[in-house]
Amino acid sequence: MSSPPDREQSLSRFRAFRGLILRRFFRILRIPELFLCGFLGVFLVGKFVLMRSAATDTFLIALVQHDAAILAALLLLYTLNLYFQAGAITRHLAAVTRAVFVSIFAIYVFDVFAYFFFGTRLYISDAVTFSGEMNSFGTLLRTGLSTTFARRGWIVPVAAVGFGAIIYFSLAFVGGRSILRPRALPILSAAALLAAFYLVPLPSYVYAFGDKPLFENFAERNASFFRKTTFSGDFRRMLLSKPATRSCHKGDARALNVLVVMVESLSAYHSKYFSGIEDWTPRLDAIAQKETALTNFYANGWTTIGGLISLLTGTFPFVPEQAKFNEWGSPRLDDFSHIHETLPGQLAKQGYQTTFVGAGDLTFLGQADWLRAIGHERIIGNDDPRFDKQVVRGPFDSVPDQLLYEVVLDEMASMRQDRPYFITAQTFWSHRPFMAPDGSALHTEEHVIRMTDQMIGDLYENLLDAGFFDDGILFITGDHRAMEPYRKTEIDRFGASAAARIPAIVATRALDFPHVIAENYQQRDLQASILALVSNEYCLDPYEGTMLTHRRPPACVMHARGDDRDLILVKCADQEGVVAVAADATAIASGALPHEGAIIDAINRNRVRILTTLADEESLSGH
């Protein structure tokens, strides 16, 4: 049995040990840069884990090599901080270098989160474009937190602690409260080694060139933001001096009702019929097999904006000349308000009733104003009283697809019988973060897409029961491929075009179409296809097709890439290539394409804008 002095001595030693641990713990807390480096390592690993499923090859070496430039910059800033701290006059410069250090660290973190939430890297152009839409951003944040908490409740407190720690250590570091005073030379040497590793040209077999959007660091990804893409005055005048080649043909002049359903993020990989990858859309697949399926259909852009522009105006949604029409390099709807021959506009002139029904906030990016400008007589958004019964709201303050389709059917029933109608329905609910309509914990992409599919099937059955197809035509497609990491199976099957593949279905009894249309078609072909059916005349350019009556595929389909904003994927039959947008020097970047000059000319003509005054031209040219 221990004597009292022995117990007292043991207790004293324990207290001393505990005190030592606590002192060392609090000492470590006073080295915020150590924790920031640890967090950076965690996000680097997380970045690799997130992106590896989308990579077509082993890209770890390339990822580390390109991030080495960021790490080298951080170490250089830290070295400058040590140098400036040594002088009484330059201490304020040390604070500046620490602030820049934390800013770069924060951008790195946000880049990883952007890919996690939206399947795309952090782009300055997107941040600026959407910075004025804080209400919509708030709905995404609210639904994101709701779904995250419902699926994995433990993530919320862990994330809160993690972000709290990042903020605390960032502020402590910027405030100069670190007690660490290392020698500058070893850190500078490490920075030099990392910079050298970044600059070493590795053999091509180390990584796939197609994985550049994944392994390039955020600075490389945003380099095009600072690249001038405005045409020179002479080049612009040359483009505008010769009108684009168009051919006009006699149409069928059939007075058919038209319903276009644009489904948020509906992608080929969701469908067993359209891709053989997932089997999440059995009812859509059944409709495709019963009606007419376009098995090689492509989105022209990477966002809903691109889908709206392509489907409703017959125009490629390429980023227009910057500086005047869109200073920040990410297409907005008002960049395409100059288009006169739009689908709803031309149909309205023919006596059609034109209505747009959206399940979400149509004030986002001025969508309602744009829809009105291009020819919609009636616009219904999420503020319609018929949507009030939906208490749980999704991204962009949206309502579920079922309620949207109920309103669509209600609008169809109230249409005048002496005039045909054109209705476009836009869903929102299948946008990330994939929220169950009842707010339950069933928040996954698969679950939401399956529910989306169920609602499409119900709409189809309701239209069938109402006899809509006797004198009407239904067109179902997606707005863009989902902003989710690419699956390797997609790349293996479709190659680079996986980024643009979406389902498309035509249903009608008024006309006899084949069950499968296998040629390449794209969203912008809808306008000419509908006009060929219902108008006396329709006109086409070489890169515009008709997919229903008078069927003729476009010479090429084109897709503005979301992963590389200055690149455009072009697919002409079985030939594929990529065009790099670079103002007057726009050119083929990779691949082999027929009639390369004509393709580049078509892209340039799409991007050019007519200037009204000399002052406008001088402003756009930067003089």
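Shown above is the structure to which this text applies.
Note that the coordinates shown come from a computational prediction; the quantities given were computed from them, not determined experimentally. (Residues numbered from 1 in each chain as written. Predicted model: local features only at pLDDT ≥ 70, side-chain atom pairs only at ≥ 80, totals over all residues. Heavy atoms only, no water.)

Caption draft 1: Looking closely at the packing of aromatic side chains. The final tally for this structure, using the stated rule, is 15 aromatic pairs. Between Phe113 and Phe163, the aromatic rings sit 5.3 Å apart at their centres with planes inclined by 45 degrees, giving tilted as the arrangement. Note that Phe113 is positioned in helix α4 (residues 91–118) and Phe163 in helix α7 (residues 155–174), a separation of 50 residues in sequence. Centroid distance Tyr168 to Phe169: 5.1 Å. Interplanar angle 75 degrees. Geometry classified as edge-to-face. For Tyr168, a relative accessible area of 44% corresponds to the partly exposed category. Members of the aromatic cluster, connected to one another through ring pairs, are Phe35, Tyr168 and Phe169. Directly above the ring of Phe316 sits Arg524, whose terminal nitrogen or CZ lies 4.4 Å from the centroid. One cation-aromatic arrangement involves Arg565 over Tyr123; the distance from NZ or CZ to the ring centre is 4.0 Å. (Phe/Tyr/Trp six-rings, centres within 6.5 Å; stacked < 30°, edge-to-face > 60°. Helix = DSSP H or I, 4+ residues; strand = E, 2+ residues; numbered from the N terminus. Buried < 20%, exposed > 50% of the residue type's maximum accessible area, 1.4 Å probe, protein only. Lys NZ or Arg CZ within 6 Å of the ring centre and 35° of its normal.)

Caption draft 2: Highlighting the pattern of salt bridges. Summed over the entire model, instances satisfying the criterion amount to 23 salt bridges. Between Arg450 and Glu446 there is a salt bridge, and its shortest N-O distance comes to 3.0 Å. A residue pair is termed a helical-turn pair when its members lie 3 or 4 positions apart in one helix, as Arg450 and Glu446 do in helix α17 (residues 445–465) at four residues. The exposure class of Glu446 is partly exposed, given its relative accessible area of 33%. A salt bridge links Arg524 to Glu544; the nearest nitrogen and oxygen atoms lie 3.7 Å apart. One end of the pair, Arg524, is in the loop between β11 (521–522) and α19 (525–534); the other, Glu544, is in the loop between β12 (537–540) and β13 (557–560), and 20 residues separate them in sequence. Taking relative accessible area as the criterion, Glu544 reaches 2% and is therefore assigned buried. (Salt bridge = Lys/Arg side-chain N within 4 Å of Asp/Glu carboxyl O.)

Caption draft 3: Highlighting the pairing of strand β7 (residues 421–426). Of all six residues in β7, six are buried; the element is thus mostly enclosed. Alternating residues of β7 divide into Tyr421, Ile423 and Ala425 and Phe422, Thr424 and Gln426, and every residue in both groups is buried. Note: strand β2 (residues 257–263) against β7, five bridges, orientation parallel. Bridging across to β7, Val261 finds its partner in Ala425. Examined bridge by bridge, strand β5 (residues 353–358) and β7 share six bridges and lie parallel to one another. Bridging across to β7, Gly358 finds its partner in Gln426. (Pairing = 2+ DSSP bridges.)

Caption draft 4: Inspection of the state of the cysteines at higher detail. What the rule picks out here adds up to two disulfides. A sulfur-sulfur distance of 2.0 Å marks the disulfide that ties Cys248 to Cys539. On the S-S bond that ties Cys248 to Cys539, the torsion sits near 100 degrees, and the link is right-handed. Taken as a pair, Cys248 in strand β1 (residues 247–250) and Cys539 in strand β12 lie far apart in primary sequence, 291 residues in all. (Disulfide = S-S within 2.5 Å.)

Caption draft 5: Fine view of the side chain of Ser529. Along the polypeptide, Ser529 turns up in helix α19. Ser529 gets classed as buried once you look at its relative accessible area, which sits at 0%. One polar contact links the side chain of Ser529 to the main-chain amide nitrogen of Met547, over a distance of 2.9 Å. Among all residues touching Ser529, those that are not within four sequence positions of it are Gly545, Thr546, Met547 and Leu548. (Polar contact = N/O pair within 3.5 Å; in protein donor to acceptor, adjacent residues only side chain to side chain. Contact = heavy atoms within 4.5 Å.)

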